[in-house]
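# Fold and contact review
One-letter residues, chain by chain:
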Amino acid sequence: AQSVTQPDIHITVSEGASLELRCNYSYGATPYLFWYVQSPGQGLQLLLKYFSGDTLVQGIKGFEAEFKRSQSSFNLRKPSVHWSDAAEYFCAVVERYGNKLVFGAGTILRVKS
Amino acid sequence: DAGITQSPRHKVTETGTPVTLRCHQTENHRYMYWYRQDPGHGLRLIHYSYGVKDTDKGEVSDGYSVSRSKTEDFLLTLESATSSQTSVYFCAIHRELNYGYTFGSGTRLTVV
């Protein structure tokens, strides 16, 4: 079965600093990968997704992610973090049978001023 | 997002009582899912459906059942609620056209 690992439970960055959230997946074929963000008490918002092609994917809110097959990684990055980016971030991979999304445990981002 | 609604949004129930959560879509998508979200675990799949009367188990299906008698409705039932089922429940649909997913706003269930 597919799995997703987000090694960092919490990350704290200063406002204006760069951000990288790590995601590793296990999947034999070319994975379909997603990043979602969830603000406290809210639902899930899609940041970006990767299916194939260019390994650097641009998303909303200035986020991007890079797919690295050799490292089984799909890390999320942002060059300059804003206080409003404080939220929980989830990486997910599609399990093709049933088109099921398999989520990582999430990374909580705190932004300090 | 438009097209998927969950009800109720909040519910408090007593241990041992049955509870049914409803997910309703307006766009005729084939695949529907129920997830639960707990701190430190992300979202975990409970059950999913791939058509009317076609359902299958997910990662954490024990204690839950589902039914889909119409394309638009996917019901999640806790036959006898336990405190370990206190959680936030999300319904989702799979959008075939752009291979995306839309999530409902969630149902916060508390079992006391």
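Refer to the structure presented above.
Conventions used here
Residues numbered from 1 in each chain as written. Chains lettered and ligands numbered in written order. Predicted model: local features only at pLDDT ≥ 70, side-chain atom pairs only at ≥ 80, totals over all residues. Heavy atoms only, no water. 1 Å grid on protein atoms, 1.4 Å probe; cavity = no way out; pocket = protein on both sides within 12 Å on 5 of 7 lines; lining within 4 Å. Points joined across faces, edges and corners; volume = space filled by probe spheres on them. Helix = DSSP H or I, 4+ residues; strand = E, 2+ residues; numbered from the N terminus. Nonpolar A, V, L, I, M, F, W, Y, C, P; charged D, E, K, R; others polar. Pairing = 2+ DSSP bridges. Axes fitted to C-alpha atoms, helices over the stretch in contact; angles between N-to-C directions. Salt bridge = Lys/Arg side-chain N within 4 Å of Asp/Glu carboxyl O. Buried < 20%, exposed > 50% of the residue type's maximum accessible area, 1.4 Å probe, protein only. Phe/Tyr/Trp six-rings, centres within 6.5 Å; stacked < 30°, edge-to-face > 60°. Lys NZ or Arg CZ within 6 Å of the ring centre and 35° of its normal.

What follows concerns the layout of surface pockets. As a volume, the largest pocket reaches approximately 440 Å³. Taken together, 25 residues form the lining of the largest pocket, with Q38 and G41 of chain A together with Q37, V88 and R108 of chain B sitting closest to its centre. Secondary-structure elements contributing two or more residues to the lining of the largest pocket are strand 10 (87–95) of chain A together with strand 4 (32–38), strand 9 (87–95) and strand 11 (107–111) of chain B. For the lining of the largest pocket, the per-class residue count stands at eight nonpolar, 13 polar and four charged.

To continue, consider the sheet that holds strand 1 (residues 4–7) of chain B. Residue and element names in this part refer to chain B. Spatially, 1-3-8-7 is the arrangement adopted by the four strands of the open sheet, whose pairing is antiparallel. The sheet is open, and its two borders are formed by strand 1 and strand 7 (64–70), each paired with just one other strand. Across this sheet, the average inter-strand angle for adjacent strands is 20°, counted without regard to direction. Here strand 1 runs beside strand 3 (residues 19–25); their pairing, made up of four bridges, is antiparallel. Note that in strand 3 the partner of I4 across the bridge is Q25.

Further remarks concern the pattern of salt bridges. Enumeration according to the criterion identifies 10 salt bridges over all chains in this entry. A salt bridge links K78 of chain A to D85 of chain A, with the nearest nitrogen and oxygen atoms 2.8 Å apart. Here K78 of chain A and D85 of chain A have matching classes, each one buried. Across the salt bridge formed by R22 of chain B and D73 of chain B, the nearest N and O atoms sit 3.1 Å from each other.

All names here are of chain A. Counted residue by residue, strand 9 (residues 73–78) has five buried out of six residues, so it is predominantly covered. The pairing of strand 3 (residues 19–21) with strand 9 spans three bridges and is antiparallel. Counted as the bridge partner of L19 is K78 from strand 9. Direction of pairing for strand 8 (residues 64–68) relative to strand 9: antiparallel, over a ladder of five bridges. Bridging across to strand 9, E66 finds its partner in N75.

Moving on to the packing of aromatic side chains. All names here are of chain A. For the structure shown, the criterion picks out 23 aromatic pairs over all chains. Seen in terms of ring centroids, F63 and Y89 are 5.6 Å apart; in terms of plane orientation they differ by 50°. Their pairing is tilted. Of this pair, F63 sits in the loop between strand 7 (56–58) and strand 8 while Y89 sits in strand 10, and the two are 26 residues apart along the sequence. Residue class for F63 comes out buried when judged on its relative accessible area of 1%. Note on Y89: relative accessible area 1%, which makes it buried. It is R96 that lies over the ring of Y32; its NZ or CZ is 3.7 Å from the centre.

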